[in-house]
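# Residue-level structure breakdown
Chain residues, written in single-letter form:
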Amino acid sequence: MATCSIIIPVYNKHDYVGRCLQMALSQEFADYEVVAVDDGSTDGSGAVCDAVAAEDPRLRVIHTANGGVTAARREGVKAAQGDFVMFCDSDDELLPHAIADAYRTAVETGADEVIAPFRNQHGRIFDSGRRGEIDADDIICDFLSSRMSFPPNAGVLYRRSMLDGCLETPRDIVMGEDLLFHMTFLMKKPRVVCNGTVNYVYNQGISAPFTATLEYEQAYDAHLRHILKARWDDFEPWYTWHQLKSYERLIDQRQFDVRSKYYRGLRVWRKPIPLTDRIAYLLPPRIAYIVISYYKRRLARQVSGC
């Protein structure tokens, strides 16, 4: 039995998974295991995992038919032996102190979830500035308003006993599924603590960019509403803010007809929705595109450090 389990879903990341496993197996912590779930890779990623496992007994490799990242994480949780679980994507890296610092925080505070700032490969740090205990509802609101400053689940330490039922996102949700998983966990009202220590390297730009469609956003919204339904009155205004952010993404892709097809009639004149998002919604879509596109390009340059 291990105290902590690192779970790494792997799908066609041959050029990156070796480094990911090396960092996961270099933790400054004595009692942990690494579970890599090869989700039907076709590029030799599974063989890389097997080769590393042959040299280090702390790594176990599970090979499954391709079922998507949520299914791979679910299989990893089933196999995990640790009281706590941390996820890492196979093209990212855990810093050597990640498990030790997070587990120490969990023991000292009784936390069910420990979050931390992270950085990208360019050295830019993403940090909400929050420290200590954070109300789970506040994090849900941050997710819905796209204000989160830590990965939705990667590098986050979870109490494994609370993960039941959290990894049920449908296969057709291929982008943002980690956020839905985390939201489901937060709806259980866990005790969440931020220790303020950067523990994760998110390598941006490796995965192919995802182009959302109106149909995808509608399916995503339906699942999100299902997660929030037990407390819909509390989160409905924040859900509207989420819809505005989705609308802005689609307008940035020149899908100007989405307003009349789906987003017409959103109740934007209320808190907590900020004036900037209200204005973007109230402008004619083709004019809104100019504003939204400029803002997003500027933000992308800031994030990449360019």
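Keep in mind that what you see is a predicted model, and the values were worked out from it rather than measured.

### Considering the sheet that holds strand β5 (residues 93-94)
In spatial order, the strands read β5-β12-β7-β8; together these four strands make up an open sheet with mixed pairing. With partners counted over all chains shown, the strands left at the sheet margins are β5 and β8 (125-126), one partner each. As judged from the two bridges shared by β5 and strand β12 (residues 200-202), these two strands associate in the antiparallel manner. Within the sheet, the bridge partner assigned to Leu 94 lies in β12 and is Tyr 200.

### Observations concerning unusual backbone geometry
Here Lys 271 and Pro 272 are connected by a cis peptide whose omega angle stands at 5°. Inspection of the secondary structure puts Pro 272 in the loop between α9 (258-263) and α10 (275-282). With a phi close to 50°, Asn 12 is a non-glycine residue in the positive phi region. Here Asn 12 falls in the partly exposed class, since its relative accessible area comes to 26%.

### Quick notes on the pairing of strand β1 (residues 4-10)
With seven of its seven residues buried, β1 lies for the most part within the structure. Judged by which residues are buried, β1 turns out to be covered on both faces: Cys 4, Ile 6, Ile 8 and Val 10 on one side and Ser 5, Ile 7 and Pro 9 on the other are all buried. The sheet contact formed by β1 and strand β2 (residues 32-39) spans seven bridges and is parallel. Considered in β2, the bridge of Ser 5 is made with Glu 33. Relative to strand β4 (residues 84-87), β1 is paired through four bridges, and the arrangement is parallel.

### Concerning the packing of helix α6 (residues 177-186) against helix α7 (residues 214-228)
Interaxial distance between α6 and α7 falls to 10 Å at its minimum, and their mutual angle equals 10°. Between α6 and α7, the interaxial angle falls into the category roughly parallel. Within the contact between the two elements, α6 uses Leu 179, Leu 180, Met 183 and Thr 184 and α7 uses Tyr 220, His 223, Leu 224, Ile 227 and Leu 228. Class assignment of the residues belonging to the contact of α6 with α7 gives a composition of seven nonpolar, two polar and no charged.

### Let's talk about the pattern of salt bridges
Close approach of charged atoms allows side chains with opposite charge to pair. In the structure shown here, the tally under the stated rule is 19 salt bridges. The shortest N-O distance in the salt bridge between Arg 60 and Glu 33 comes to 2.7 Å. Separated by 27 residues along the polypeptide, Arg 60 in strand β3 (residues 59-64) and Glu 33 in strand β2 bring together distant segments of the chain. For Glu 33, a relative accessible area of 6% puts it in the buried group. Measuring nitrogen to oxygen at the nearest pair gives 3.8 Å for the salt bridge that ties Asp 135 to Lys 189. Note that Asp 135 is positioned in the loop between β9 (132-134) and α5 (136-144) and Lys 189 in the loop between α6 and β11 (192-194), a separation of 54 residues in sequence. A relative accessible area of 39% means that Asp 135 is categorised as partly exposed.

### A look at the environment of Ala 2
With respect to the secondary-structure elements, Ala 2 resides in the segment before β1. Each C-alpha atom of the pair Ala 2 and Val 34 lies 9.8 Å from the other, and the pair is 32 residues apart in sequence.

### Brief notes about the packing of helix α1 (residues 14-24) against helix α2 (residues 45-55)
Contact geometry of α1 with α2 gives a least axis separation of 9 Å together with a crossing angle of 25°. Taken as axis vectors, α1 and α2 run roughly parallel relative to one another. Both α1 and α2 take part in a crossing whose hand is right-handed. Contacts from His 14, Val 17, Gly 18 and Leu 21 of α1 reach α2 at Ser 45, Val 48, Cys 49 and Val 52. Residue composition of the contact of α1 with α2, by class: five nonpolar, three polar and no charged.

### A word on the sheet that holds strand β6 (residues 113-115)
An order of β3-β2-β1-β4-β10-β6-β11-β9 is seen for the eight strands of this open sheet, with the pairing classed as mixed. Lying at the two open borders of the sheet, with one neighbouring strand each, are β3 and β9. The sheet shows a mean angle of 25° between the axes of neighbouring strands, taken without regard to direction. As paired strands, β6 and strand β10 (residues 157-159) are joined by two bridges and run antiparallel to one another. Directly across from Val 114, in β10, lies its bridge partner Leu 157.

Quick notes on the rules
- Residues numbered from 1 in each chain as written.
- Predicted model: local features only at pLDDT ≥ 70, side-chain atom pairs only at ≥ 80, totals over all residues.
- Heavy atoms only, no water.
- Pairing = 2+ DSSP bridges.
- Helix = DSSP H or I, 4+ residues; strand = E, 2+ residues; numbered from the N terminus.
- Buried < 20%, exposed > 50% of the residue type's maximum accessible area, 1.4 Å probe, protein only.
- Axes fitted to C-alpha atoms, helices over the stretch in contact; angles between N-to-C directions.
- Parallel < 35°, antiparallel > 145°, perpendicular 65-115°, else oblique.
- Contact = heavy atoms within 4.5 Å.
- Nonpolar A, V, L, I, M, F, W, Y, C, P; charged D, E, K, R; others polar.
- Salt bridge = Lys/Arg side-chain N within 4 Å of Asp/Glu carboxyl O.
- Left-handed = near helix turned anticlockwise from the far one by under 90°.

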